[in-house]
Amino acid sequence: MNQIEIKNLNNQFSIDEPENRLNIVEGKGGLPVIEVFNRYASVLICLQGAHLLSWIPKDKEDVIWLSEDASFKPGKSIRGGVPVCWPWFGAHETQSSYPAHGFARTTLWQIVSTEAMEDGGTKITLTIRPSSNCEEMWPADTSLQYQITIGRKLELELITINNGMQPITIGQALHTYFRVSDVSNILLFGLDDTDYLDKLDGFKRKVQYGPVTVEQEVDRIYLDTASDCVIEDKTLQRNIVIIKCGSHSTVVWNPWREVAEKMGDLGKDGFKKMLCVESANAADDVVTIEPGKEHHLWVQYDAQLIT
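Keep in mind it's a predicted model, so treat the numbers as computed, not measured.

Enquirer: Mind showing me how you'd approach the sheet that holds strand β4 (residues 41–46) here?
Expert: Each strand in a sheet pairs with another by means of backbone hydrogen bonds, the pair being arranged parallel or else antiparallel. One open sheet accounts for five strands, arranged β1-β2-β3-β4-β5; its pairing is antiparallel. Both outer strands of the open sheet, β1 (15–17) and β5 (51–57), are each paired with one neighbouring strand and no more. Across this sheet, the average inter-strand angle for adjacent strands is 20°, counted without regard to direction. Strand direction decides the pairing type here: strand β3 (residues 32–38) and β4, joined by five bridges, are antiparallel.

In structure tokens form, the structure reads like this:
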């Protein structure tokens, strides 16, 4: 996207109020980025993938982890932040050449609207920009919107609308990388007594007992989960509270050292500083949307100090 296009976007969508500012700028790799600064937080969103890169609540540290070695290239996924996985999660069922986690996270999105809210928050609505390549992979007549609300808490809502005459089935996730002090010292609450598929053990079905801890590679799909999750990080004196609706799976992932080194874009010891807790509909919990209907995947994040 060139400077003229970015200027046109600012003319249409920028916000310039004393405590609520929004601008579109050229980010790393020439990718356009939305910058938001309001009374509650600052946020960065890359239009490629509608990819949230940073969320820093007022007077607090960043809640989102972004790799120091993340690549910012057209058509390539960005390591860290909040990738949008859609319309499938993981590998495509039949086409191995199709990108893992779908094409939404590497497609350039369009801004539909921006709003300075009465309470001082900021609301952004984005939609995916269709392309012939995407239509080949996903021929269904589908609309996709993504609403991001930056207020006292961060809210993300992914809305899939079936415009066609036949039911569609989607897999999806908000693949959030949360920033932690040291992943081996955190506790993840909210998944006790829940069945999960262990991807590292041939997708065997197992049961979680107590809080989730990470002392080695973890890649699990927790099934039929609707309860809140909390990442307790006593070193940062912070609880990250995750509330969701329209998501029936919770994916927990950390690659640990050996896999991280092979990946090449997690940065030096980056795996120690992140934990993915993904609000998803995956595996047994994919979603079928009837003609003319829509599905909302909504999450809310809150960073609370431990006193």
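Enquirer: So what exactly am I meant to see when it comes to the pattern of salt bridges here?
Expert: Note on pairing: side chains with opposite charge can pair once their charged atoms come close. Under the defined criterion, the tally for this structure stands at 11 salt bridges. In this structure, the salt-bridge partner of Lys206 is Asp198, at a minimum N-O distance of 2.9 Å. Judged by its relative accessible area of 26%, Lys206 is partly exposed. The exposure class of Asp198 is buried, given its relative accessible area of 9%. With a shortest N-O distance of 3.0 Å, Asp201 and Lys206 are connected by a salt bridge. Judged by relative accessible area, which is 29%, Asp201 ranks as partly exposed. Three or more residues are tied together by salt bridges with common partners; here these are Asp198, Asp201, Lys204 and Lys206.

Enquirer: Teacher, can you tell me more about the layout of surface pockets here?
Expert: Any space left empty among the atoms is revealed by the rolling of a water-sized probe across them. If you add up the space inside the largest pocket, you get close to 410 Å³. For the second largest pocket, the lining is made up of 17 residues, of which Arg79, His101, His175, Tyr177 and Trp253 are closest to its centre. For the lining of the second largest pocket, the per-class residue count stands at seven nonpolar, four polar and six charged.

Enquirer: In this structure, what is going on with the side chain of Gln208? I would like to understand it.
Expert: With respect to the helices and strands, the residue Gln208 is situated in the loop between β16 (204–207) and β17 (218–223). A residue is classified by how much of its surface remains accessible, and Gln208, at 7% relative accessible area, is buried. Beyond its immediate chain neighbours, meaning those up to four positions away, Gln208 contacts Leu191, Asp192, Asp193, Thr194, Tyr196, Arg220 and Tyr222.

Enquirer: Honestly, the side chain of Thr225 in this entry has me stumped. Any pointers?
Expert: Along the chain, the position of Thr225 falls in the loop between β17 and β18 (229–233). Side-chain polar atoms of Thr225 contact the side chain of Lys244, separated by 3.1 Å. Contact partners of Thr225, with chain neighbours within four places excluded, come to Leu191, Thr194, Lys244, Ser247, His248, Ser249 and Thr250.

Enquirer: What should I look at first to understand the pairing of β16 in this one?
Expert: Regular strands place side chains that alternate from one sheet face to the opposite one. Of the strand pairs in this sheet, strand β15 (residues 195–198) and β16 are connected by four bridges, and their pairing is antiparallel. Looking at β16, one finds that Leu197 is bridged to Arg205. From the end of β15 to the start of β16, which pair antiparallel, there are five residues, and Gly202 there has a positive phi angle of about 65°.

Enquirer: Hey, could you run me through the sheet that holds strand β8 (residues 122–128) in this one?
Expert: One open sheet holds the eight strands; their spatial order is β7-β8-β9-β10-β23-β19-β18-β14, and the pairing between them is antiparallel. This sheet does not close on itself; its edge strands, each paired only once, are β7 (109–116) and β14 (187–189). Between one strand and the next, the sheet's axes are offset by a mean angle of 15°, whatever the strand orientation. Where β8 meets strand β9 (residues 142–150), six bridges bridge the pair, whose relative direction is antiparallel. Residue pairing for β9: Leu126 is matched across the bridge by Tyr146.

Enquirer: Looking at this structure, I do not really get empty space enclosed by the protein. What am I missing?
Expert: Taken as a whole and assessed by the stated rule, the structure comprises one cavity of 30 Å³ or more. Estimated volume of the largest cavity: approximately 30 Å³. Around the largest cavity, the lining residues are Ser227, Cys229, Ile242, Lys244, Thr250, Val277, Glu278 and Ser279. Elements represented by at least two residues in the lining of the largest cavity include exactly β19 (238–245) and β21 (274–281). Per element, the largest residue contribution to the lining of the largest cavity is three residues, and it comes from β21. Split by residue class, the lining of the largest cavity holds three nonpolar, three polar and two charged.

Enquirer: Help me understand helix α1 (residues 3–13) in this model?
Expert: Three or four residues apart is the spacing at which side chains of an α-helix point the same way, because the helix has 3.6 residues per turn. Within α1 the residues assigned to the buried category are Ile6, Leu9, Asn10 and Phe13. Angular distribution of buried residues about the axis of α1 spans 100°; they occupy a single face of the element. When the buried face of α1 is taken as reference, the exposed residues oriented beyond 90 degrees from it are Ile4, Lys7, Asn11 and Gln12. Elements that come into contact with the buried residues of α1 comprise β1, β2 (20–26) and β7. Two or three places before Ile4, at the start of α1, stands the capping residue Asn2, its side-chain oxygen 3.1 Å from that residue's backbone nitrogen.

Enquirer: Would you mind showing me how to read unusual backbone geometry here?
Expert: Apart from glycine, the bulk of residues carry a negative phi angle, and the bulk of peptide bonds sit in the trans form. With an omega of 5°, the peptide bond between Trp86 and Pro87 qualifies as cis. Even without being glycine, Trp256 reaches a positive phi, approximately 60°. Topologically, Trp256 is positioned in helix α3 (residues 256–263). For Trp256, a relative accessible area of 24% gives the class partly exposed. Although it is not a glycine, Ala283 sits at a positive phi angle of roughly 55°. As for its position among the elements, Ala283 is in the loop between β21 and β22 (287–289). Residue Ala283 is classed as partly exposed on the basis of its relative accessible area, which comes to 36%.

Rules behind the numbers
Residues numbered from 1 in each chain as written. Predicted model: local features only at pLDDT ≥ 70, side-chain atom pairs only at ≥ 80, totals over all residues. Heavy atoms only, no water. Pairing = 2+ DSSP bridges. Helix = DSSP H or I, 4+ residues; strand = E, 2+ residues; numbered from the N terminus. Axes fitted to C-alpha atoms, helices over the stretch in contact; angles between N-to-C directions. Salt bridge = Lys/Arg side-chain N within 4 Å of Asp/Glu carboxyl O. Buried < 20%, exposed > 50% of the residue type's maximum accessible area, 1.4 Å probe, protein only. 1 Å grid on protein atoms, 1.4 Å probe; cavity = no way out; pocket = protein on both sides within 12 Å on 5 of 7 lines; lining within 4 Å. Points joined across faces, edges and corners; volume = space filled by probe spheres on them. Nonpolar A, V, L, I, M, F, W, Y, C, P; charged D, E, K, R; others polar. Contact = heavy atoms within 4.5 Å. Polar contact = N/O pair within 3.5 Å; in protein donor to acceptor, adjacent residues only side chain to side chain. Arc of directions from axis to C-beta.

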